[in-house]
Amino acid sequence: MQTDRVVLDTNSLLVSLARQGKAYPVWKGFQDGRYILCVSNEIIAEYEEVIAQKTRPEIARNVVDYILQQRNVEMIDPYFHLELITADPDDNKFVDCAFSANATYIVSNDSHYDVLRDIPFPQLLVLKLQTFLERLATDSI
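Residues numbered from 1 in each chain as written. Predicted model: local features only at pLDDT ≥ 70, side-chain atom pairs only at ≥ 80, totals over all residues. Heavy atoms only, no water.

Draft legend 1. Up close: the packing of aromatic side chains. Taken as a whole and judged by the stated rule, the model has seven aromatic pairs. Aromatic side chains Phe30 and Tyr35 sit 6.2 Å apart centroid to centroid with 45° between the ring planes, which places their arrangement in the tilted category. For Phe30, a relative accessible area of 1% puts it in the buried group. Judged by relative accessible area, Tyr35 falls into the buried class, the value being 1%. Put simply, the rings of Trp27, Phe30, Tyr35, Tyr66, Tyr105 and Phe132 pair up and form one aromatic cluster. (Phe/Tyr/Trp six-rings, centres within 6.5 Å; stacked < 30°, edge-to-face > 60°. Buried < 20%, exposed > 50% of the residue type's maximum accessible area, 1.4 Å probe, protein only.)

Draft legend 2. Region of interest: the pairing of strand β2 (residues 36-39). Summarising the sheet, strand β1 (residues 5-8) and β2 pair through two bridges and their orientation is parallel. Its bridge partner being in β2, Val6 is matched across the sheet by Leu37. Note that β2 and strand β3 (residues 73-75) share three bridges and pair parallel. Opposite Leu37, over in β3, you have Val73 as the bridge partner. (Pairing = 2+ DSSP bridges. Helix = DSSP H or I, 4+ residues; strand = E, 2+ residues; numbered from the N terminus.)

Draft legend 3. Quick peek at the packing of helix α2 (residues 24-31) against helix α4 (residues 57-69). Here α2 crosses α4 at 45°, and the two axes come no closer than 11 Å. Between α2 and α4, the angle falls in the class oblique. Contact with α2, carried on its side by Trp27, Phe30 and Gln31, involves Val63, Tyr66 and Ile67 of α4 and no other residues of that element. Of the residues contributing to the contact of α2 with α4, the split by class is five nonpolar, one polar and no charged. (Axes fitted to C-alpha atoms, helices over the stretch in contact; angles between N-to-C directions. Parallel < 35°, antiparallel > 145°, perpendicular 65-115°, else oblique. Contact = heavy atoms within 4.5 Å. Nonpolar A, V, L, I, M, F, W, Y, C, P; charged D, E, K, R; others polar.)

Draft legend 4. Main features of the pattern of salt bridges. Within the structure shown, the criterion is met by eight salt bridges. Its salt-bridge partner being Lys93, residue Glu46 comes within 2.7 Å of it at the nearest N-O pair. Remark: Lys93 occurs in helix α5 (residues 92-101) and Glu46 occurs in helix α3 (residues 41-54); sequence separation between them is 47 residues. Take Glu46 and Lys93: they sit in the same class, and that class is buried. The shortest N-O distance in the salt bridge between Asp90 and Lys93 comes to 2.7 Å. You can call Asp90 partly exposed: its relative accessible area is 44%. A cluster of three or more residues bridged by salt bridges with shared partners is formed by Glu46, Asp90 and Lys93. (Salt bridge = Lys/Arg side-chain N within 4 Å of Asp/Glu carboxyl O.)

Draft legend 5. Representation of unusual backbone geometry in the model. At Asn102, a position not held by glycine, the phi torsion is positive, near 55°. Tracing the chain through its elements places Asn102 in the loop between α5 and β4 (105-107).

If you want it as structure tokens, here you go:
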């Protein structure tokens, strides 16, 4: 059985942490090992920073520690910095991680990733969070 390799942008991760939220199945799917989460040091740092801003530093540290301890996490050290997203260069860390990890897709609702549809190489698939939730619900990942 092939397991999808996924890069979650920070907002997709953040909204999935709320147990009563509609995106919680993304976090639960990660906990259950339904996909491989690909991250880089830059992504982990952003996860921690943003979660700390939205909640508390202790919560952010716990979430990051939990992520890093899971077997279905792959730490990626991107060697290529493709700089494909010019509207928000900060988003490039997710693109570079996905490219280096040969990820199945990036999960994001951020419209900055739309430029990837028009780039012939590398081919990087971006799924909206709702589409990823639907795939989780139908076991098509």
